[in-house]
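Breakdown of the fold
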Amino acid sequence: MTLIVTGGAGFIGANFIFYMLSIYPDMRVVCVDCLTYAGNLSTLASVMGKANFRFVKISITDQKSIGKLFEEEKPDIVVNFAAESHVDRSIENPSVFLETNIIGTQVLLDAARQWGVKRYHQVSTDEVYGDLPLDNPNLFFTEETPLHASSPYSASKASADLLCLAYYRTFDLPLTISRCSNNYGPYHFPEKLIPLMIANALNDQPLPVYGQGLNVRDWLYVEDHCAAIDLIIRKGREGEVYNVGGHNEMRNIDIVKLICKELGKPESLITYVSDRKGHDMRYAIDPTKIHEELGWLPKTKFSDGIRLTIKWYLDNRSWWEEIISGEYKNYYERMYGGRQ
Ligand code: NAD
Ligand code: TYD
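A brief report on the enclosed structure follows. (Residues numbered from 1 in each chain as written. Chains lettered and ligands numbered in written order. Predicted model: local features only at pLDDT ≥ 70, side-chain atom pairs only at ≥ 80, totals over all residues. Heavy atoms only, no water.)

What to know about the site of ligand 1
Quick reminder of the rule: By convention in this text, a residue qualifies as near a molecule or strand provided that one of its non-hydrogen atoms is within 4 Å of it. Polar contacts, as used here, are pairs of N or O atoms within 3.5 Å; protein pairs need one atom able to donate a hydrogen and one able to accept it. Residues neighboring in sequence count only if both atoms are side-chain atoms. Values of accessible area rely on a 1.4 Å probe in the Shrake-Rupley scheme; residue burial ignores everything except the protein chains shown. Elements are defined by DSSP. Helices are runs of H or I of four residues or more, strands are runs of E of two residues or more, and each kind is numbered from the N terminus.
In the neighbourhood of ligand 1, 28 residues make up the surrounding shell, with Ile 12, Asp 33, Ser 85, Tyr 153 and Lys 157 lying closest. Interatomic distance of 2.9 Å between a backbone N/O atom of Gly 10 and an oxygen atom of ligand 1. One of the side-chain nitrogen or oxygen atoms of Lys 157 is found 2.7 Å away from an oxygen atom of ligand 1. Burial of ligand 1 by the surrounding chains reaches 96%, relative to a free accessible area of 840 Å². Only α1 (11-23), β5 (119-125) and α6 (152-171) provide two or more residues apiece to the shell around ligand 1. Of the residues forming the shell around ligand 1, the biggest block, three residues, is contributed by β5.

As for the environment of Tyr 272
Threshold: Only protein chains enter the accessibility calculation, which uses a 1.4 Å probe. A residue is then buried if its area is under 20% of the maximum for its type, exposed if over 50%, and partly exposed in between. Pairs of residues are marked as contacts when any of their non-hydrogen atoms sit within 4.5 Å.
Residue placement: Tyr 272 occurs in strand β13 (residues 270-273). Among the residues examined, Tyr 272 registers a relative accessible area of 44% and is labelled partly exposed. For the pair Tyr 272 and Val 117, spaced 155 residues apart in the sequence, the C-alpha separation amounts to 48 Å. Discounting chain neighbours no more than four positions away, the residues touching Tyr 272 are Val 209, Gly 211, Gln 212, Ile 253 and Gln 340.

Observations concerning the packing of α1 against helix α8 (residues 222-235)
Let me state the cut-off plainly: Axis angles are defined between N-to-C directions and span 0 to 180 degrees, where every axis is a line fitted to C-alpha atoms and, for a helix, only to the segment in contact. Orientation labels follow simple angle bins: below 35 degrees gives roughly parallel, above 145 gives roughly antiparallel, 65 to 115 gives roughly perpendicular, and whatever is left gives oblique. Helix crossings are classified by the rotation of the near helix relative to the far one: an anticlockwise turn of less than a right angle makes the crossing left-handed, while a clockwise turn makes it right-handed. When residues are grouped by polarity, Ala, Val, Leu, Ile, Met, Phe, Trp, Tyr, Cys and Pro land in nonpolar, Asp, Glu, Lys and Arg in charged, and all others, Gly among them, in polar.
Orientation of α1 relative to α8, taken along the N-to-C sense of each, is 65 degrees, at an axis distance of 9 Å. One finds that α1 runs roughly perpendicular with respect to α8. Crossing of α1 over α8 shows right-handed handedness. Note on element contacts: α8 touches α1 through Val 222, Glu 223, His 225, Cys 226, Ala 227, Ile 229, Asp 230 and Ile 233, opposite Phe 11, Ile 12, Asn 15, Phe 16, Tyr 19 and Met 20. For the contact of α1 with α8, the per-class residue count stands at ten nonpolar, two polar and two charged.

See below:
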């Protein structure tokens, strides 16, 4: 059994590789990643030496190299995590999002078709549904909710989902799609809310909360997402979308205050800055389908997951300190420098 994981040097892809190799120690896993700013080879250090693991530095938009790799590896399963994933960067520069997230997906779908994979899985996001109002907590995203993307990032992910469904209908490509809520856990790049706040708090730097911090996200520990994808590729029905989320809605400001408390840092570090353009108010997943069809339920409570995550950032300072000392500094200055 050969599994190709694209974007495996990023946050969720790397956690998925660790998860799969721990559960299926004999599975051949090939990681495809072009190592953008978000990809980090040191993340994969613990699996690099394994005989059944291979890392290949290729962009998913490079049709020729992807075709050659599929010919060589003859994968049974392809799971596509590779993407530009940060909403703020998509507002700054949309074009690379369209290139990677849409064209890259098309290249992979064509290769999967050509080499007859048994399952192609597209890792998507709940952000394709747009947002929900704060004043109706009984509303949730189901798989039937219309696509209504708000940012160039979510629009590119929604486009990729439509392309996948078109390949299923037109070419019978055996595929599935998962749309997950916000993940957190080890190896999360420190441009995203939780790792950014942990890193800044540890360095006694301001904690930049957008707007009033009232936006709500539905947080899921990354390992629970990995378990859901494993179930979907083994037991999910072809052509189906599965929402993944654990009914764990939290306001941004409450998360930031919790991080301060856990780290023993003063809330006076919190700095309210101008809001993100088009900022989605609330995301909330209805996970009934994946629960009833595949028996999936999240295992990690937020109170445990956030402690595990904070401990990981404390124990692995060199991993994120190296990141924030490089090109990230320019990004941070551009994104937060003049922001009031
Ligand atoms: P990430 O930004 O941490 O990692 C993305 C990885 O993709 C990096 O290793 C990067 O080098 C690689 N990559 C980017 N462009 C590439 C290309 N052209 N060719 C090959 N590799 C390329 O992202 P993440 O948070 O791990 O997200 C992974 C996937 O999960 C994405 O598709 C994202 O849309 C989806 N998702 C993320 C979340 C979340 O909360 N982070 C939630 C739901 C869905
Ligand atoms: P983020 O981690 O970028 O994920 P997404 O936008 O994909 O949900 O942001 C999570 C929430 O935190 C979102 O409402 C924006 C907010 N946020 C801040 O308030 N400050 C920050 O510095 C960042 C990065 C995010």
